[in-house]
Structures are given as structure tokens and as C-alpha cells.
Amino acid sequence: MTAAITAMITAVVGVLGTLFAPVFAQRLTARERAEEAGTARERRAFEERRDHYTAMNRASRQFHTLLKDALHRIRDGVYAEQERIQLEEARLDHRDRYAEAQMIVPERILQASRELNQVLADADAVVKRLDRGLAPGGETAERALERLREAGPFLDAMRELMREDLGVTD
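Summarised in this report is the structure supplied together with it. Remember, it's a predicted structure, so these values are computed and weren't measured experimentally. Along every chain, residues carry numbers that run from 1 in the direction the sequence is written. At least 70 in pLDDT is required for a residue's local features to be given in this predicted model, at least 80 for side-chain atom pairs to be given and counted, and no such filter applies to totals for whole chains, interfaces and linings, which use all residues. By convention in this description, side-chain values take in all heavy atoms of the structure and omit both hydrogens and water.

**Remarks on the overall build of the protein**
- Counting its secondary structure elements, the protein contains five helices and zero strands.
- Reading the protein from its N end, one meets helices and strands in the order α-α-α-α-α.
- For a compact globule the rule gives 2.2 Å times the number of residues to the power 0.38, and the radius of gyration it is set against comes from C-alpha atoms. The C-alpha radius of gyration computed for the protein amounts to 30 Å, which surpasses the reference 15 Å derived for 170 residues by more than 25%, pointing to a less compact arrangement than a globule.
- Each of the three principal axes of the protein carries a C-alpha extent, and together these read 110 × 30 × 25 Å.
- Here's how the labels work: a residue is buried when its accessible area is under 20% of the maximum for its type, exposed when over 50%, partly exposed in between, all with a 1.4 Å probe on protein chains only. The buried share of the protein, reckoned over its 170 residues, is 29%.
- Residue exposure ignores everything except the shown protein chains as possible cover, and the areas themselves are Shrake-Rupley values with a 1.4 Å probe. Carbon together with sulfur atoms contributes 56% to the accessible area of the protein, which is approximately 11,000 Å² in total.
- Looking at the protein, you have 27 positive and 30 negative side-chain charges, and the mean spots of the two groups are 2 Å apart. Going along the chain from the N terminus, every DSSP run of H or I of four or more residues is numbered as a helix, and every run of E of two or more is numbered as a strand. We count Lys and Arg on the positive side and Asp and Glu on the negative side, and we leave His and both chain ends out. A single reference atom marks each charge: NZ on Lys, CZ on Arg, CG on Asp, CD on Glu.

**Topic: the pattern of salt bridges**
- One side-chain nitrogen of Lys or Arg within 4 Å of one carboxyl oxygen of Asp or Glu is enough to make a salt bridge. Counted by the stated rule, this structure contains 22 salt bridges.
- The residue D165 makes a salt bridge to R108 at a minimum N-O spacing of 3.4 Å. Of this pair, D165 sits in helix 5 (residues 151-166) while R108 sits in helix 3 (residues 107-132), and the two are 57 residues apart along the sequence.

**Some details on the environment of F63**
- Relative to the assigned elements, F63 resides in helix 1 (residues 3-76).
- Sequence separation between F63 and T169 is 106 residues, and the spatial gap between their C-alpha atoms is 27 Å.
- Working rule for contacts: check all heavy atoms of both residues, and any pair within 4.5 Å makes them a contact. Filtering out sequence-adjacent residues up to four positions away, F63 remains in contact with L87, A90, R91, H94, L120 and D124.

**What about helix 4 (residues 141-148)?**
- Every buried residue of helix 4 is listed here: A141, A144, L145 and L148. Down the axis of helix 4, the buried side of the element spans an arc of 105 degrees, and every buried residue falls inside it. Within this analysis, the arc is defined by the directions that extend from the helix axis to the C-beta atoms.

**Describing a nonpolar patch on the surface**
- Where nonpolar side chains cluster on the molecular surface, the patch consists of V15, L19, F20, V23 and F24 and spans about 490 Å² of accessible area.
- Residue position: L19 is located in helix 1.
- Under the relative-accessibility criterion, L19 is labelled exposed at 56%. Patch construction takes residues with relative accessible area above 30% that form no salt bridge. Like charges are linked within 9 Å, and nonpolar side chains (Val, Leu, Ile, Met, Phe, Trp, Tyr) are linked within 5 Å.

**Points about the packing of helix 3 against helix 5**
- The axes used here are C-alpha line fits, helices contributing only the stretch in contact, and every angle between their N-to-C directions lies in the interval 0 to 180 degrees. Running from N to C, helix 3 and helix 5 point in directions that differ by 160 degrees, and their axes come no closer than 9 Å. When the axis of helix 3 is compared with that of helix 5, the two are roughly antiparallel. Between helix 3 and helix 5 lies a crossing whose hand is left-handed. Every residue of helix 5 that contacts helix 3 at R108, I109, A112, S113, E115, L116, V119 and L120 is listed here: A151, F154, L155, M158, L161, M162, E164 and D165.
- Note that Gly is not counted as nonpolar here; it falls among the polar residues with everything else outside the nonpolar set of Ala, Val, Leu, Ile, Met, Phe, Trp, Tyr, Cys and Pro and the charged set of Asp, Glu, Lys and Arg. Taken together, the residues of the contact of helix 3 with helix 5 break down into 11 nonpolar, one polar and four charged. In this scheme, roughly parallel covers angles under 35 degrees and roughly antiparallel covers those over 145, while 65 to 115 is roughly perpendicular and the rest are oblique. Here is the rule for handedness: rotate from the far helix to the near one, and if that takes an anticlockwise turn smaller than a right angle the crossing is left-handed, while a clockwise turn gives right-handed.

**Description of the side chain of H94**
- Considering the arrangement of structural elements, one finds H94 in helix 2 (residues 81-101).
- Ignoring anything within four residues of it in the chain, the contact list for H94 reads A59, S60, F63, N117 and L120.

**Points about the packing of helix 3 against helix 4**
- Where helix 3 contacts helix 4, the two axes come as close as 10 Å, and the packing angle between them is 170 degrees. The angle between helix 3 and helix 4 places the two elements in the roughly antiparallel class. On helix 4, the residues touching V119, L120, A123, V126 and L130 of helix 3 are A141, A144, R147 and L148.

**Section: helix 3**
- Multiplying one less than the number of residues by 1.5 Å gives the expected span of a helix. The terminal C-alpha atoms of helix 3 lie 36 Å apart, and with 26 residues this matches the ideal 38 Å at 1.5 Å per residue to within 8%.
- For helix 3, every residue scored as buried is listed here: I109, L110, A112, S113, L116, V119, L120, A123, D124, V126, V127 and L130.

This is the structure in C-alpha cells:
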């Protein structure tokens, strides 16, 4: 190879390098932006799921607590309008959080929530029947309280599944 050919090849490589450097830089920047956008999407999805889990857990526990309180008050004959209002608000909040979660959370968590929801809904129906004096024979606040205790393991299981899904380990 002569010096002229070597110089020409070097010049062509230099010119091509100069021409393609912005293209390579642009592609690298685009790839980095796409990765950052993907990471941001994943983070937003995680935060949204965590927020739904927190709201669902809080609403379920609040509904459970108010059902238990209502049954105690009905048993003791001191169930009042304020407790009825609080219980209904908690029921509606629980229903709304559950409906929101149905669009976001994995099926295994929804299944745990369904089991809990069934126990809570049954207890709520008993509270309403007892409060209105429409309970069939044998349906008492004490028996309903016993059945409501079944919600405890479901509350714990749902919480543990949510924590596991979020990567929370002990």
C-alpha cells in the first residue's frame, strides 16, 4: 500500500467517524432516555400498587373494627346513629378501595381480598338485620362476633401477600 492510499483511507475513516459520531451519540441518548422512561414507569406502577395496597388494607381493617364495635354495641343495646353512619362510611370506603384494587393488583391478592370481603359482607348484613330487628331466630350479636373472628386470618394473609408483592421482607 502506498502512502497516498493509506492517507486516503485514513481520511475517509476520519470523515465517516465525524459524520457518524452525532448519529451514534443520538442513538445512545435515545436508548438512555428510553431506559429512564421505563424505570420511571416501573416506579410509578410500584408506587400506585403500594398506595392501593395501603388504602385497601386500611379500609378493610377499619371496616372490620367498626363491624366488631357495632356488634358489641348492638349486644349491649347502645348502638346509635353515629355508629351507623361511621359503619356505612367505612363500608363504602372499603367497597371503593376494593373496586380500585381490582384494576391494579394481582389475582392472588384479589383472591385473599375476596375471602376477607365475604366475611365482612356477611357480618355487615347481620349488623343490619340485628339493628332493624329482622334477624332470624338464633342470629345474635355474639354468634356474629364469633364468625367475624374468621376475618383475622384473612386480614393477615392479605397483608402478607401485599407485603410480599412489594418486596417487603422481615
